[in-house]
Amino acid sequence: MRSRAVVLGGGGVAGLSWMLGVIDGLRRNGVDLAAADLIVGTSAGSCVGAAVATDALAPAVALQRQAETSETDGSIAAHSRPPQAPSKAPPSQAASVRARRMGLVQRP
C-alpha cells in the first residue's frame, strides 16, 4: 500500500498566500492534495493544511484574492501616516512617546 503525505512549512502571511496560490494552481490542473493520506504543516502551513483537509481551499483563496485587490485600490493610502523619526527618549519613556505620536494619549 502506498501512502502520500503533504508537508507544508511556515512563512507568515506571504507564505500563506504563496502556498494557497500554488495549491490552488495544482488543484485547477488536476492534482488534488486533499486526497493525501496525511496533511501536516507548521505555522502558516498548518492553516493552509487545514483548508486543504476540510475542503475550504476555494474560500481561503477567494479571501486572499479579495485582500490583494483591496490593498491595491489606493484606499489604504488615504489612512497611512508618513514615517516619523525614531524617538530619542530614554527607553523608559519610549512607549509613552509612541502612544502620544499615535494619538492614544495627549500631552499633559
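Sequence order as written defines the numbering, with residues in each chain counted from 1. Only residues with pLDDT of at least 70 get local features here, since the model is predicted, and only at 80 or more are side-chain atom pairs given and counted; chain-wide, interface and lining totals rely on the full set of residues. Just so you know, side-chain values use all the structure's heavy atoms and leave hydrogens and water out.

Undergrad: Got a minute to help me understand unusual backbone geometry in this structure?
TA: For residues besides glycine, phi is generally negative; the peptide bonds are generally trans as well. The backbone phi angle of Ser43 is positive, close to 55 degrees, even though this residue is not glycine. Along the polypeptide, Ser43 turns up in the loop between β2 (38-41) and α2 (44-53). By the criteria applied, helices consist of DSSP H or I runs no shorter than four residues and strands consist of E runs no shorter than two, each listed in order from the N terminus.

Undergrad: Explanation requested: the nonpolar core in the structure shown.
TA: The nonpolar side chains of soluble globular proteins are, as a tendency, buried together. The set of buried Ala, Val, Leu, Ile, Met, Phe, Trp, Tyr and Cys residues whose side-chain atoms join them within 4.5 Å is what this entry labels a nonpolar core. Only protein chains enter the accessibility calculation, which uses a 1.4 Å probe; a residue is then buried when its area is under 20% of its type maximum, exposed when over 50%, and partly exposed in between. Core analysis: the largest hydrophobic core is formed by 14 residues, its most contacted members being Leu8, Leu20, Ile23, Val48 and Leu57. Of all the elements in the fold, those that place two or more residues in this core are β1 (5-8), α1 (12-28), α2 and α3 (57-72). Contacts are assigned to residue pairs with any non-hydrogen atoms lying within 4.5 Å of each other. Dropping the residues within four chain positions of it, Leu57 is found in contact with Leu20, Ile23, Asp24, Arg27, Ala51 and Val52.

Undergrad: Explanation requested: the packing of α1 against α2 in the structure shown.
TA: The N-to-C vectors of α1 and α2 enclose an angle of 30 degrees; their axes lie 8 Å apart at closest approach. As summarised for this structure, α1 and α2 are arranged roughly parallel, according to the angle between their axes. Judged by the sense of rotation from one axis to the other, the crossing of α1 with α2 is right-handed. Only Ala44, Gly45, Cys47, Val48 and Val52 of α2 make contact with α1, whose side of the interface consists of Gly12, Leu16, Met19, Leu20 and Ile23. Partitioning the contact of α1 with α2 into residue classes produces eight nonpolar, two polar and no charged. Only the stretch in contact is used when fitting a helix axis, every axis being a line fitted to C-alpha atoms; angles between N-to-C directions are given from 0 to 180 degrees. For this classification, under 35 degrees means roughly parallel, over 145 means roughly antiparallel, 65 to 115 means roughly perpendicular, and everything else is oblique. Crossing handedness is read from the near helix: turned anticlockwise from the far helix by less than a right angle, it gives a left-handed crossing, and turned clockwise, a right-handed one. Each residue gets one of three labels, nonpolar for Ala, Val, Leu, Ile, Met, Phe, Trp, Tyr, Cys and Pro, charged for Asp, Glu, Lys and Arg, and polar for the others, Gly among them.

Undergrad: Can you walk me through the pairing of β1 in this structure?
TA: In summary, the side chains of a regular strand alternate between the two faces of the sheet. Burial along β1 is one-sided: Val6 and Leu8 are buried, while Ala5 and Val7, pointing the other way, are not. Two strands are said to pair when DSSP picks up at least two bridges between them. Sheet topology places β1 next to β2; four bridges connect them, and they run parallel. Along β2, the bridge assignment pairs Val6 with Ile39.

Undergrad: How should I be thinking about the pattern of salt bridges in this particular structure?
TA: As a working rule, side chains carrying opposite charge can pair if their charged atoms are close by. Throughout this description, the term salt bridge denotes a Lys or Arg side-chain nitrogen within 4 Å of a carboxyl oxygen of Asp or Glu. In this structure the tally under the stated criterion is three salt bridges. The salt bridge involving Arg27 is made with Asp24; its shortest N-O contact spans 2.4 Å. Here the residue Arg27 and the residue Asp24 both occupy positions in helix α1, the gap between them amounting to three residues, near one helical turn. A salt bridge links Arg65 to Asp24; its shortest N-O distance comes to 3.4 Å. With Arg65 in helix α3 and Asp24 in helix α1, this residue pair connects regions lying 41 residues apart in the sequence. The class for Arg65 is partly exposed, based on a relative accessible area of 48%. Residue Asp24 is classed as buried on the basis of its relative accessible area of 3%. Among the ionic contacts, a cluster of salt bridges with common partners joins Asp24, Arg27, Arg28 and Arg65.

The quantities given are spatial measurements derived from coordinates; they are silent on function.
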